[in-house]
Amino acid sequence: MLRWSIATVCMGGTLETKLAAAARAGFRAIEIFENDLTFFSGKPRQVKAMAADLGLEIVALQPLRDFEGAPPATRVKNFDRAERKFDLMEELGANLLCVCSSVAEDSSGDVDQCAADFAELADRAARRGYRIGYEALAWGRHVKDWAKAWEIVRRGDKPNLGVVLDSFHIFARKNDIAPIAKLPPDRIALVQLADAPGLLMDPMSLSRHHRCFPGQGDWPINDYLEACVASGYNGAISLEIFNDQFRGAPAAAIARDGMRSVQAAGEALDKGRVARDQPPLNIGRPLPAPAKILGVEFLEFTTNPQQSPRLESELAGLGFQRVARHKSKDVELFRQNDINIVVNREQDGFAHSFYLVHGASVCAIALRYDDPQRALERANALDAPTYRGRIGPGEALIPAVAGVENSLIYLVKAGAHDAWAQDFNFVDAPDAKGPLERVDHLSNVVRRSEFLSWLTFYKTVLGFTDDPQVELADPYGAFFSRVIRSEGGEVRIPINIADGGATAVTRFIETFGGGGVQQIALSTGDLFSFVENARAGGVAFLDIPDNYYEDLSARYDLAPELIERMRRLGVLYDRHKDGEFFHIYTKMFEQRFFFEILERRGYDLFGAANTPARLAAQANEFDRAMRDRAMLEID
Ligand code: MG
């Protein structure tokens, strides 16, 4: 039976913790990495009992290293080592031993000698009822590619000898995967699964530090899975990830992310099969299909009565109108065309708790779905904590999922505009027109160690897709960004992480007490007149150095009057193909968040070319704020 498995090496902690985490996440099979036994205080047969109690099958023990092609004296010792592994397998109740290709300097790459070594190993294993799997390591001395490992297995010619396929080594070596579909299925001992980012580095470093779960990297995992199952393979598909950040995180969270990623991989696999009129495989637990994300219904800010007037005057400066008041809470709705901003000043409940930890901030985002009920069922099926808040009589209960730092992501029905009137009293018919049209995108800042986890959350639980990773310079370090987007592009969220002690991202994480929404980008059809009015209305925008505009005139053939107007207003510019992009940033609110106002003229990117200029300007602003604070303290 096809089934998902996870290797103990994916997780950190003790072996007991790892087994419990795997079982809790819904895995029914595990692969035991021998190093985990070394630090286990009990006997291997206790591991067998523990796994059995948790309903976990041990699909394999690994690895036996540097086995094949050894000189005669070493060869004898290698068989002794193998027999000791068989003893261990007996205690564990495992029946597959994985052997990875030798890296030994004195080993031979002679295919027939290696095949003879494996034939004898398989015979010895058969006497005890075990199977042998042979895996090509991308950095093996002679065997680096799965096709060569398969050739050795084929020539070894034993029914209990098979090849181990691992997407990591296969993609790291850019191996052809099409022939996998033609392998005899009973000669595939195990299928292993790992993704990785498209970084240019040697395969061993990439393997040891950057492997990640399917969907977190850039490799065509679906094509690989399709080839494996097309062969007729019907065994375990095992996640095997070496990643320092995974081992540093709680095992339960990593096992949960692993389960989310394989469920999404299984879903993608079945989608392709159904499209080709093949029956779905339904590996593992059933998963409700993702609902369609159709936009942002509202953003909710938490604040307190002292800070609230400043936030409200900033919103007014940006053209928002106060249109409604909550029936039972100290909550108001500010609106401008399609953009709804909820300001929550409650002194207890969720928003207030969020305020106490994070200060004035976006505590909730409401996403419009075509089918919010199905979105919620999917979130539940993928083990996402859901939230139901306190409501007054007759008020709407909006289901929510916990997001970054336990902020809320509400799931609301697209187009259900009447729902607002259930909870809010509207003032006399303001049509809430204004220059700003819609939420263009939001940026999320997350801790580097949590980046992959949130990526998997957005993609699997909420139904987003992602773009390749972008790397930029911050005056105090490096800055990385990956955009997730709804299928139709209605909602886009760049997820930003950084390296460096004083980068904008790190400063945000420190002042904010974790990750969250740092930037709210709103679109307008006429940025220049918007900025003129907003400046006149007292909105403070980020100061952009003159050098930026000199550089702009050198890079682009723009009319000097246009550049002068941009300089005077602090507007930034980018161009891609025929599209033009004009944008501006407000000053940070309490060092926590800022608004970006943008005008797209046939441009579909995010102005990443200007991000270093923005980060430098924010760093200057931050330094000034720190100096002012230091002066105050001296006074
Ligand atoms: Mg492997």
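Residues numbered from 1 in each chain as written. Predicted model: local features only at pLDDT ≥ 70, side-chain atom pairs only at ≥ 80, totals over all residues. Heavy atoms only, no water.

With respect to the overall build of the protein
Here comes step 1: Scanning the protein for helices and strands turns up 21 helices and 26 strands.
Here comes step 2: Seen along its three principal axes, the alpha-carbon backbone of the protein occupies a region of about 85 × 60 × 60 Å.
Here comes step 3: When the 635 residues of the protein are sorted by exposure, 55% land in the buried category.
Here comes step 4: Taking contacts inside the protein between residues at least 6 apart in sequence as the whole, the part at least 24 apart equals 73%.
Here comes step 5: Counting 74 positive and 89 negative side-chain charges, the protein places the centres of these two groups 4 Å from one another. (Helix = DSSP H or I, 4+ residues; strand = E, 2+ residues; numbered from the N terminus. Buried < 20%, exposed > 50% of the residue type's maximum accessible area, 1.4 Å probe, protein only. Contact = heavy atoms within 4.5 Å. Lys, Arg positive; Asp, Glu negative; His and termini not counted. Charge placed at Lys NZ, Arg CZ, Asp CG, Glu CD.)

Focus on the side chain of Q263
Here comes step 1: Structurally, the position occupied by Q263 is in helix 11 (residues 251-275).
Here comes step 2: With relative accessibility at 5%, the residue Q263 sits in the buried group.
Here comes step 3: Leaving out residues up to four positions away in the same chain, Q263 has contacts with R285, P286, L287, A381 and L382.

Some details on the layout of surface pockets
Here comes step 1: Approximately 1200 Å³ is the volume attributed to the largest pocket.
Here comes step 2: Residue lining of the largest pocket: 49 residues in total, with A264, E267, A268, P290 and R378 positioned closest to the centre.
Here comes step 3: Sorting the residues of the lining of the largest pocket by element identifies helix 9 (221-230), helix 11, strand 9 (293-302), helix 16 (451-461) and strand 19 (465-466) as the ones contributing at least two each.
Here comes step 4: Sort the elements by how many residues they give to the lining of the largest pocket and helix 11 lands first, with eleven residues.
Here comes step 5: Taken together, the residues that form the lining of the largest pocket break down as 21 nonpolar, 14 polar and 14 charged.
Here comes step 6: If you add up the space inside the second largest pocket, you get close to 700 Å³.
Here comes step 7: Lining the second largest pocket are 31 residues; nearest its centre among them are F298, A396, I398, Y410 and D423.
Here comes step 8: Broken down by secondary-structure element, the contributors of at least two residues to the lining of the second largest pocket are strand 9, strand 12 (339-344), helix 13 (350-358), strand 16 (408-413) and helix 15 (419-423).
Here comes step 9: Of the residues contributing to the lining of the second largest pocket, the split by class is 19 nonpolar, four polar and eight charged. (1 Å grid on protein atoms, 1.4 Å probe; cavity = no way out; pocket = protein on both sides within 12 Å on 5 of 7 lines; lining within 4 Å. Points joined across faces, edges and corners; volume = space filled by probe spheres on them. Nonpolar A, V, L, I, M, F, W, Y, C, P; charged D, E, K, R; others polar.)

A short note on the pattern of salt bridges
Here comes step 1: Following the criterion strictly, the structure yields 52 salt bridges and no others.
Here comes step 2: The partner of E267 in a salt bridge is R378, with the nearest N and O atoms 2.7 Å apart. A residue pair is termed long-range when its members are at least 10 positions apart, and E267 in helix 11 and R378 in helix 14 (residues 372-381) qualify at 111 residues.
Here comes step 3: Accessibility expressed as a relative area gives 2% for R378, which makes it buried.
Here comes step 4: Note that D466 and K459 form a salt bridge whose closest N and O atoms lie 3.0 Å from each other.
Here comes step 5: Exposure remark for D466: the relative accessible area of 22% places this residue in the partly exposed category.
Here comes step 6: Beyond isolated ion pairs, a larger network of salt bridges with shared partners links R75, E83, D87, E90, D117, E120, R124 and R128. (Salt bridge = Lys/Arg side-chain N within 4 Å of Asp/Glu carboxyl O.)

Examining the coordination of the magnesium ion
Here comes step 1: Within the protein, the atoms that donate to the magnesium ion are E135 (OE), D166 (OD), Q192 (OE1) and E240 (OE), at distances of 2.1 to 2.2 Å.
Here comes step 2: Sequence spacing of the donors to the magnesium ion: E-x30-D-x25-Q-x47-E. Pair noted here: E135 is in strand 5 (residues 131-135) and D166 is in strand 6 (residues 161-166), with a separation of 31 residues, a long-range link.
Here comes step 3: For E135, a relative accessible area of 3% puts it in the buried group.
Here comes step 4: Relative accessible area serves as the criterion here: at 2%, D166 is assigned to the buried category. (Donors = N, O, S within 2.8 Å, 3.2 Å for Na, K, Ca; no water.)

Let's talk about the packing of helix 4 (residues 72-92) against helix 5 (residues 111-127)
Here comes step 1: Orientation of helix 4 relative to helix 5, taken along the N-to-C sense of each, is 35°, at an axis distance of 11 Å. Both helix 4 and helix 5 take part in a crossing whose hand is right-handed. Contact with helix 4, carried on its side by R75, F79, A82, E83 and F86, involves A116, D117, E120, L121, R124 and A125 of helix 5 and no other residues of that element.
Here comes step 2: Classifying every residue of the contact of helix 4 with helix 5 gives six nonpolar, no polar and five charged. (Axes fitted to C-alpha atoms, helices over the stretch in contact; angles between N-to-C directions. Left-handed = near helix turned anticlockwise from the far one by under 90°.)

Description of the environment of L269
Here comes step 1: Along the chain, L269 turns up in helix 11.
Here comes step 2: As a C-alpha pair, L269 and I283 span 14 residues in sequence and 9.7 Å in three-dimensional space.
Here comes step 3: If we skip the residues at most four places from it in the chain, L269 touches N222, L225, E226, V229, L281 and I283.

With respect to the domain arrangement of the protein
Here comes step 1: Its domain assignment divides the protein into domain 1 (3-275), domain 2 (290-434) and domain 3 (435-635).
Here comes step 2: On a C-alpha basis, the centres of domain 2 and domain 3 stand 23 Å from each other.
Here comes step 3: Each partner contributes residues to the interface: domain 2 has 42 residues there, and domain 3 has 40 residues.
Here comes step 4: Three residues stand out in domain 2 for area buried against domain 3, namely I293, L318 and V404, and they jointly supply 18% of the buried area on that side.
Here comes step 5: Counting across the domain 2 and domain 3 interface gives two salt bridges.
Here comes step 6: For R447, the salt bridge is made with E405, and the minimal N-O distance between the two is 3.4 Å.
Here comes step 7: For the pair domain 2 and domain 3, the number of links is eleven residue pairs in polar contact (both at pLDDT 80 or more).
Here comes step 8: Those elements that provide at least two residues to the side of domain 2 that touches domain 3 are strand 9, helix 12 (308-317), strand 12, helix 13, strand 13 (361-369), helix 14, strand 15 (400-402) and strand 16.
Here comes step 9: The greatest single-element share of the side of domain 2 that touches domain 3, amounting to six residues, is contributed by strand 9. (Domains from an automatic or database assignment. Buried area = accessible area lost by both parts, 1.4 Å probe. Polar contact = N/O pair within 3.5 Å; in protein donor to acceptor, adjacent residues only side chain to side chain.)

With respect to empty space enclosed by the protein
Here comes step 1: Inspection of every chain in the model, using the stated rule, returns five cavities of 30 Å³ or more.
Here comes step 2: Taken as a whole, the largest cavity encloses approximately 70 Å³ of empty space.
Here comes step 3: Along the walls of the largest cavity sit V362, C363, A364, I365, V404, S407, L408, N444, Y458, G516 and V517, which together make up its complete lining.
Here comes step 4: Mapped onto the lining of the largest cavity, the elements with two or more residues apiece are strand 13 and strand 23 (516-524).
Here comes step 5: Among the elements that line the lining of the largest cavity, the one with the most residues is strand 13, at four residues.
Here comes step 6: Its residues assigned to classes, the lining of the largest cavity shows eight nonpolar, three polar and no charged.
Here comes step 7: No fewer than three residues from each of domain 2 (290-434) and domain 3 (435-635) sit in the lining of the largest cavity.

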